[in-house]
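The primary structure of each chain is shown beneath.
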Amino acid sequence: MASEPIHNPDQFIADLRLLLSQGRKRIAFLIGAGAPTSIRKEGGEPLIPTVKDLTTTVLGKLPKPERNKVDQVSAELGDGPNIEHILSRLRLLSRALGKQTVFGMNGAEFEILGNSICDLIGEIVNAELPAGVNPYSHLVNWITGTSRRYGVEIFTPNYDLLLEEALERVHAPYFDGFSGGVNPFFDSATVSNDDIPARWTRVWKLHGSLGWELKNGQVVRTQSRKAAHLIYPDHLKYEYSQKQPYAALFDRLKAYLRTPDSLLITCGFSFNDAHVVAAIEEALSASPLSAVIALQHQLLANEEPSVKVARNFPNLSVYAADGAVINGVQAPWKVGPAPNDQWIEIRKTFWNKRDGNEKDIFTLGCFTQLASFLAMATSELTTSAKDASAEVPTK
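Predicted model, so just to flag it, every value in this text is computed and none were measured. (Residues numbered from 1 in each chain as written. Predicted model: local features only at pLDDT ≥ 70, side-chain atom pairs only at ≥ 80, totals over all residues. Heavy atoms only, no water.)

Looking only at helices and strands, the protein features 14 helices and 15 strands. Relative to the globule expectation of 21 Å for 395 residues, the C-alpha radius of gyration of the protein, 22 Å, shows essentially globular dimensions. In terms of principal-axis extent, the alpha carbons of the protein reach across some 75 × 60 × 45 Å. Buried residues in the protein amount to 51% of all 395 residues. Look at the contacts in the protein between residues 6 or more apart in sequence, and 68% of them connect residues 24 or more apart. Of the roughly 19,200 Å² that the protein leaves accessible, carbon and sulfur atoms contribute 51%. The centroid of the 40 positive side-chain charges in the protein is displaced by 2 Å from the centroid of its 44 negative side-chain charges. (Helix = DSSP H or I, 4+ residues; strand = E, 2+ residues; numbered from the N terminus. Rg over C-alpha atoms; globule rule 2.2 N^0.38 Å. Buried < 20%, exposed > 50% of the residue type's maximum accessible area, 1.4 Å probe, protein only. Contact = heavy atoms within 4.5 Å. Areas by Shrake-Rupley, 256 points an atom, 1.4 Å probe, with all protein chains shown as cover. Lys, Arg positive; Asp, Glu negative; His and termini not counted. Charge placed at Lys NZ, Arg CZ, Asp CG, Glu CD.)

Counting buried residues in strand β6 (residues 201–205) gives 5 out of 5 residues, a clear majority hidden from the surface. Here β6 shows a buried face lined by Thr201, Val203 and Lys205 and a second buried face lined by Arg202 and Trp204. As defined by bridge partners, strand β2 (residues 153–156) adjoins β6 across 4 bridges and the pair is classed as parallel. The residue of β6 that forms the bridge with phenylalanine 155 is tryptophan 204. In this structure, strand β3 (residues 174–175) lies alongside β6, joined through 2 bridges in parallel fashion. Its bridge partner lying in β6, tyrosine 174 is registered against threonine 201. (Pairing = 2+ DSSP bridges.)

This paragraph deals with the pattern of salt bridges. Enumeration according to the criterion identifies 13 salt bridges in this entry. A salt bridge links arginine 221 to aspartate 176; its shortest N-O distance comes to 2.8 Å. Residue arginine 221 is located in strand β8 (residues 218–221), and its partner aspartate 176 is located in the loop between β3 and β4 (178–179); the two are separated by 45 residues in the primary sequence. Through salt bridges with shared partners, one network takes in Asp251, Lys254, Arg258 and Glu282. (Salt bridge = Lys/Arg side-chain N within 4 Å of Asp/Glu carboxyl O.)

Moving on to helix α11 (residues 274–286). With 13 residues, α11 should reach 18 Å at 1.5 Å per residue; the first-to-last C-alpha distance of 18 Å fits that figure. Listed as buried for α11 are Val276, Val277, Ala279, Ile280, Ala283 and Leu284. Across the axial projection of α11, the buried residues extend over an arc of 160°, all falling on one side. Opposite the buried face of α11, at more than 90 degrees from it, the exposed residues are Ala274, Ser285 and Ala286. (Expected span 1.5 Å × (residues − 1). Arc of directions from axis to C-beta.)

This paragraph deals with the packing of helix α5 (residues 83–97) against helix α6 (residues 107–125). Contact pair α5 / α6: the axes reach a minimum separation of 7 Å and the direction vectors enclose 150°. Between α5 and α6, the angle falls in the class roughly antiparallel. When the axes of α5 and α6 are compared, the crossing they make is left-handed. In contact with Ile83, Leu87, Leu90, Arg91, Leu93, Ser94 and Leu97 of α5, α6 contributes Gly107, Phe110, Glu111, Leu113, Gly114, Asn115, Ile117, Cys118 and Ile121. Its residues assigned to classes, the contact of α5 with α6 comprises 10 nonpolar, 4 polar and 2 charged. (Axes fitted to C-alpha atoms, helices over the stretch in contact; angles between N-to-C directions. Parallel < 35°, antiparallel > 145°, perpendicular 65-115°, else oblique. Left-handed = near helix turned anticlockwise from the far one by under 90°. Nonpolar A, V, L, I, M, F, W, Y, C, P; charged D, E, K, R; others polar.)

Mapping serine 287 onto the fold places it in the loop between α11 and β10 (291–295). Ignoring any residue separated from it by four or fewer positions in sequence, one finds serine 287 in contact with Leu257, Arg258, Thr259 and Asn315.

Taken as a whole, the protein shows an average pLDDT of 86; of its residues, 90% reach a score of 70 or greater. Low pLDDT, under 50, characterises residues 234–243; the predicted model gives this stretch 17 contacts beyond four residues in sequence or across chains. Counting interchain partners and residues more than four positions distant, the pLDDT-below-50 stretch residues 382–395 has 0 contacts. (pLDDT = per-residue confidence, 0-100.)

Time to look at the nonpolar core. Within soluble globular proteins, side chains that are nonpolar generally end up buried alongside one another. Core analysis: the biggest nonpolar cluster contains 70 residues, and Phe29, Leu139 and Tyr319 have the highest contact counts within it. Among the elements that make up this core, the one with the highest residue count is α6 (8 residues). Every residue in contact with leucine 139, bar those within four places of it in the chain, is listed here: Phe29, Ile31, Ile154, Leu163, Phe367 and Leu374. Ala28, Leu264, Phe269 and Phe313 belong to the second largest nonpolar core, which has 39 residues in total. (Core = buried A, V, L, I, M, F, W, Y, C linked by side-chain atoms within 4.5 Å.)

Below you can see the structure in the form of structure tokens.
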């Protein structure tokens, strides 16, 4: 009788650590809403709520007349539309209606309602990066900790400025698609051609960002932290193709994954964003030599959206708390004997108790744990470099 398949996390994490501790691999991250949620305020609340909680909070803050209108719009969007879906529909109605009315509102009134929702989103997600050591600073330390052949790319649907703040605190250069000083404009040519040095981090805000505004028909990046131009990108259409930052950013994601021998690591991403998932699936289908590792926070049984993609695309692996889908094979985790005492300590960085669990589980689906894991990889790389330097004979 054939034995049931299992996956040994030691084996896969040893390979991942090797890739992360070197500067030769083409590596990108897709950081979802679970990243800022994993950081807690002093009262225990998440630094920034998830999209689901954000939706509840924003709708709860709307005055009753506006909330009633939103409820009418939401009823046509299916079960449980999130704030991005709602905002997209409002934007579409504002552009399409003109002086005609739907639900008792014309186009201009829908635009005002959409702007009110954006203002509320901006108030809620406008959190500053905590002082001192934090998960984002760990990530930046890993990025800047070695000389790289290829620049690290960070894709994120998040609106916040936490990553930008972490990069700027250590004066690490980055490019987010905008160029200029007075009203930085979106430079789609540089985004597609990648004409920037490898030491510059690429930061791609797939769903827009705080500080983005529309001026003279063009999206620009301002110094404000307002949410004046947040919208679900597949519903946003501009008059000219060069004014479509969202389309260019999604093309960048697909182009990255189509590049041979590229690795995309996702964390805090639920795979419920159909637009992002479609881009990943399209690229993986066209480039079997690329790989995606989805680090998921929950038990495998609760990660069906990512598991579904992994079943269809063997070059996407899901590493969940209790099991994984690797090369299309779904199986539980089972650690083997540690090869040495050092590995016992290393294992604790990815296999440990979390969230009150009695048993050890795979922990890298939590962004704070992943960031610590990256920091350790950087530390070990630095130590190895010093040791190698010490062994070089001097004249």
